[in-house]
2 protein chains.
Amino acid sequence: MLTAWTVSCQAPEESKTADPLASLASLEWIDLSYAFDSATLYWPNNPTGFELEAEAEGMTEGGYFYSSYSLSTPEHGGTHLDAPIHFSEKGQKLDELRLDQLTGAAVLIDVSELALVDRDYRIDTAAILAWEKENGQIPEHSIVLFRTGYGKFYPDREKYFGTAKMGLEAILELHFPGIHPEAAQFLAEKRKVNAVGLDTPSLDFGQSKDFAAHQVLMGHNIPGFENVANLDQLPASGFYVVALPMKIKGGSGGPLRVIAGVGRL
Amino acid sequence: MLTAWTVSCQAPEESKTADPLASLASLEWIDLSYAFDSATLYWPNNPTGFELEAEAEGMTEGGYFYSSYSLSTPEHGGTHLDAPIHFSEKGQKLDELRLDQLTGAAVLIDVSELALVDRDYRIDTAAILAWEKENGQIPEHSIVLFRTGYGKFYPDREKYFGTAKMGLEAILELHFPGIHPEAAQFLAEKRKVNAVGLDTPSLDFGQSKDFAAHQVLMGHNIPGFENVANLDQLPASGFYVVALPMKIKGGSGGPLRVIAGVGRL
């Protein structure tokens, strides 16, 4: 049952498999999601961002307090998920992603040393292999998170995107790190990862014109998590990720609540 | 590490606590969330429901496929979470809920036998005590889910709400089961539960005029999950819930992705 997280070993035949639910009580969950508000960052050409409108707020005639709001947002902003259909015509839509794609053991690859000195840095296969040399090969079906260090700039648009300008023309002036398409291919084909996330606005670097890392990952039905928060709080491996996007029927992506479970033992 | 869910008992001092991350690998996740689309059910007086608008959809000049949408929705519709501020002036806002309130061991109390024959049925303390007689006392900090059986009607508005009418006047004609305020008080004060959810549009029954169950739960900073899906797939106890609402700053509630982890053992 669920009342204790310790597992007795007095009955060997039972203790071969520990009670998985009991041991979950010892997990600490860390929120990797930014809140949505008027400061939430969107791609520069979005005419509007996140909006929250009050429908009711205050005491009712019935004598009790009541508040309720309505919201609107582009799918792709703040901490959000890119569904494969975002860049792949036959890719999965947001509501078609399976929970086993969105949950699982995860690793954190810290590339901040290189990324923070070069706004146009692209995470390459060499960076992944360097991590593996220290931490072992990324297991199949892992969720791979990259820490560029740019999360510390969020939500300062100029520091995070490389420009504070808005509109279509601002897109040419974006400078932030991303994933090299070859590394994306390596993760998809050689490591068969379930999902990829990072602490920048896009899987591709700011100067990308063809979003090739997106195309590669989504072509393999691998979803992406963008603007992931608090990656500085994670170890290199040995943690579990639950990534639950709003379940938008037919969505190309959407607001994502992503959390990491770290053992407290 | 994360590669195995079995726990060896050869080293007694280690096996006292199972590896929580290994335990997660042995869970099967069940989605308790409906997708958001044009059929998503909202309270009858909402002028609009869920709307998804295409920003881009098709081949780009760059020769790759691209789709992107924008959405709008009232906070309270479909599978969603009520934050305490929804009915309690000093209650937690949506983004203030802690992850330890939204994750944890859960129980399912099936009241469908009574609820399906009486659209105005209210889950009372006796129903909870009857469940406890068979399953043991609800542990403190549990997430408590009630199955009324009305989930099978979703999204048929007439069968689910008791009326297909829309507008303010339709509210008087709502007939669906909910939680009796005394049972809410029992759960809050005697069982110190973390959260409560059910497969109806509201914690309170359709004929409620004062939303007293809401007031009691939210007055204790206990969030509610409404329009929860797939409760027929859960056991009475021994499962784990992760409930991740969209993180709306200052929200009174919002779209919820809620999943249950059931042991595969």
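Owing to the predicted nature of the structure, the values given are computational and were not obtained by experimental measurement.

Engineer: What am I meant to see in the nonpolar core here?
Structural biologist: The nonpolar side chains of soluble globular proteins are, as a tendency, buried together. In this structure, L145(A), L234(A), L145(B) and L234(B) are the most contacted members of the largest nonpolar core, which totals 62 residues. Once you skip the residues sitting within four places of it in the chain, L234(A) turns out to touch I30(A), L32(A), L108(A), L145(A), F239(A), A260(A) and V262(A). Counting residues in each nonpolar core, the second largest holds 42 residues, with V111(B), A127(B), F186(B) and L217(B) among its members.

Engineer: In this structure, what is going on with the interface of chain A and chain B? I would like to understand it.
Structural biologist: Often, the extent of an interface is quoted as the loss of accessible area on bringing the components together. With 77 residues of chain A in contact, the opposing surface of chain B contributes 76 residues. Taken over both partners, the interface formed by chain A and chain B buries close to 6,600 Å², and the fraction arising from carbon and sulfur atoms is 68%. When the area that chain A buries against chain B is broken down by residue, the three leading residues are L71(A), K247(A) and R257(A), summing to 12%. In this structure, the salt-bridge partner of D31(A) is K247(B), at a minimum N-O distance of 3.0 Å. Connecting chain A to chain B are 24 residue pairs in polar contact (both at pLDDT 80 or more). Residue assignment for the side of chain A that touches chain B shows that the elements contributing at least two residues are α2 (20–24), β1 (27–31), β2 (51–59), β3 (65–74), β5 (103–110), β11 (239–245) and β12 (253–263) of chain A. In terms of residue count, β3(A) provides more of the side of chain A that touches chain B than any other element does, 10 residues in total. Residues of the side of chain A that touches chain B, tallied by class, amount to 40 nonpolar, 24 polar and 13 charged. Pairing between β3(A) and strand β3 (residues 65–74) of chain B: five bridges, direction antiparallel. Its bridge partner lying in β3(B), S70(A) is registered against P74(B).

Engineer: Teacher, can you tell me more about the pattern of salt bridges here?
Structural biologist: Any two side chains of opposite charge can pair, so long as their charged atoms come close to each other. Residue and element names in this part refer to chain B. Summed over all chains, the structure comprises 12 salt bridges over all chains. With a closest N to O distance of 2.9 Å, E173 and K165 form a salt bridge. According to the relative accessible area criterion, E173 is partly exposed, its value standing at 31%.

Engineer: Would you mind showing me how to read the relation of the copies chain A and chain B here?
Structural biologist: Applying a rotation about an axis and a shift along it to one chain copy brings it onto the other copy. Mapping chain A onto chain B calls for a screw motion: a turn of 180° about the axis and a shift of 0.0 Å along it, with 0.3 Å RMSD after fitting. Read as a symmetry element, the transformation amounts to a two-fold axis. When each C-alpha of chain A is compared by its distance to the rotation axis, S72(A) comes out closest, at 2.0 Å. The residues that chain A uses at the interface reappear at the interface of chain B in 96% of cases, marking a shared surface.

Reading the values: rules and limits
Residues numbered from 1 in each chain as written. Chains lettered and ligands numbered in written order. Predicted model: local features only at pLDDT ≥ 70, side-chain atom pairs only at ≥ 80, totals over all residues. Heavy atoms only, no water. Core = buried A, V, L, I, M, F, W, Y, C linked by side-chain atoms within 4.5 Å. Buried < 20%, exposed > 50% of the residue type's maximum accessible area, 1.4 Å probe, protein only. Contact = heavy atoms within 4.5 Å. Buried area = accessible area lost by both parts, 1.4 Å probe. Salt bridge = Lys/Arg side-chain N within 4 Å of Asp/Glu carboxyl O. Polar contact = N/O pair within 3.5 Å; in protein donor to acceptor, adjacent residues only side chain to side chain. Helix = DSSP H or I, 4+ residues; strand = E, 2+ residues; numbered from the N terminus. Nonpolar A, V, L, I, M, F, W, Y, C, P; charged D, E, K, R; others polar. Pairing = 2+ DSSP bridges. Least-squares fit on C-alpha atoms with pLDDT ≥ 70 in both.

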